[in-house]
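# What the coordinates show
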Amino acid sequence: MTSIKELLNSTPLDKVDARVLLAHLVGVHLSWPKSALISRDTDVLPDSVTQAWQDYESRRLDGEPVAYILGLKDFYNIQLQVAPGVLIPRPETELLVELALNHVQKSNKNSTVEIRPTKILDLGTGSGAIALALAHNLPSAHVTAVDMSQDALEIAQANARTLDLLDRTEFVQGSWLEPIHALMQFDVIVSNPPYIRAGDPHLQEGDLRFEPADALTDHEDGLSPYKIIFNQAKAHLAPNGLLLVEHGYDQSDALKQLLETEGYQEIQVHFDLAGISRALSAKLR
Ligand code: GLN
């Protein structure tokens, strides 16, 4: 005979994690809203819920990320299905979405010619987070999303289906811009590539231990994906097109240099909510 209050008081889990997991369980099993964690906290829970709770609790204690346990993660203003084949979208990556939206909205406002559909390319899409947040928020945009991993593309495509975006999104397997037709040009090319350097101790800590290594690290110095992307993107940026990448906390200077060497202009550093340089944008002309 257990209640929400008793479970929350006795669990060794982080309080926020415990509440998120339990809210999901009572939602799925009992159709209770989140507010039931307060309003029904002394009601006796059925065995189905307490058993499912024990499973969730032990998985979380073993370190499994909350998002993989639930199979869901909120990102920007959409919800995504996630599984161990994809990186769990991070809140700081919402910065890329914000920057891309600003660019597109500003370009469309300044445009004197008839507005054609905005074309966006997302490289290393994973769950589809960036691609789908942009497609969802730009109702006339067409988004191409590339990933090496077939598992990731299947999850991204399932997310596109759930969000009713299949008609404006395209999912392509391959390495960075290699699978993109030589003549294709994009108004925004965006990427959150695996930028953690090989041997970084963070790879052995917390949620990262459960995520696909290839989505986190390039197994080199953390800069190798950018070298390829910066070079290949030049042939595929439309006039006034924006290249936009997320990067690690200490990579900004090295990447600025690389962009300059490749001939990019209007290079700008962008900071995340924690005040850390987190993204770079650049244009060709
Ligand atoms: N931002 C992620 C982290 O630090 C890394 C994701 C990535 O390599 N793109 O956990």
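Residues numbered from 1 in each chain as written. Predicted model: local features only at pLDDT ≥ 70, side-chain atom pairs only at ≥ 80, totals over all residues. Heavy atoms only, no water.

### A few points about the site of the ligand
Residues in close proximity to the ligand include Arg90, Glu92, Asn192, Pro193, Pro194, Tyr195, Ile196, Leu208, Ala215, Leu216 and Glu246, which together make up its full environment. Here a nitrogen atom of the ligand sits 2.8 Å away from a polar atom, N or O, in the side chain of Asn192. Measuring from a nitrogen atom of the ligand, one finds a side-chain N or O atom of Tyr195 at 2.8 Å. Relative to its unbound accessible area of 300 Å², the ligand is 88% covered by the protein chains. (Near = heavy atom within 4 Å. Polar contact = N/O pair within 3.5 Å; in protein donor to acceptor, adjacent residues only side chain to side chain. Areas by Shrake-Rupley, 256 points an atom, 1.4 Å probe, with all protein chains shown as cover.)

### Re helix H7 (residues 129-137)
The element H7 is extensively covered by neighbouring structure, given that 7 of its 9 residues are classed as buried. Turning to H7, its buried residues are Ala129, Ile130, Ala131, Leu132, Ala133, Leu134 and Ala135. (Buried < 20%, exposed > 50% of the residue type's maximum accessible area, 1.4 Å probe, protein only. Helix = DSSP H or I, 4+ residues; strand = E, 2+ residues; numbered from the N terminus.)

### Some points on the packing of aromatic side chains
Going through the model one piece at a time under the given rule, you end up with 2 aromatic pairs. With 5.9 Å between their ring centres and 50° between their planes, Tyr226 and Phe230 make a pair best called tilted. Of this pair, Tyr226 and Phe230 both sit in helix H10 (residues 224-233), 4 residues apart, which is roughly one turn of the helix. Accessibility assignment for this pair places Tyr226 and Phe230 in one class, buried. Seen from their ring centres, Phe230 and Tyr264 are 6.3 Å apart, and the 65° between their planes marks the pair as edge-to-face. With Phe230 in helix H10 and Tyr264 in the loop between helix H11 (252-261) and strand S8 (265-271), the pair connects residues that are 34 residues apart, well separated along the chain. For Phe230, a relative accessible area of 0% translates into the label buried. One aromatic cluster is present, formed by Tyr226, Phe230 and Tyr264 through successive ring pairs. (Phe/Tyr/Trp six-rings, centres within 6.5 Å; stacked < 30°, edge-to-face > 60°.)

### Details of the side chain of His103
The topology assignment puts His103 in helix H6 (residues 94-110). On the basis of relative accessible area, His103 is assigned to the buried category, the value being 10%. Ignoring sequence-local partners within four residues, the contact set of His103 consists of Asp187, Val188, Asn240, Gly241, Leu242 and Lys283. (Contact = heavy atoms within 4.5 Å.)

### Considering the nonpolar core
It is characteristic of soluble globular proteins that their nonpolar side chains tend to be buried jointly. Ile120, Leu134 and Val190 are the most contacted members of the largest nonpolar core, which has 32 residues in total. For this core, the elements supplying multiple residues, two or more each, are strand S2 (78-81), H6, H7, strand S4 (142-147), helix H8 (150-162), strand S6 (186-191) and strand S7 (237-246). With sequence-adjacent residues up to four places away left out, Ile120 is seen in contact with Leu134, Leu138, Ala141, His142, Val143, Thr144, Phe186, Val188 and Val190. (Core = buried A, V, L, I, M, F, W, Y, C linked by side-chain atoms within 4.5 Å.)

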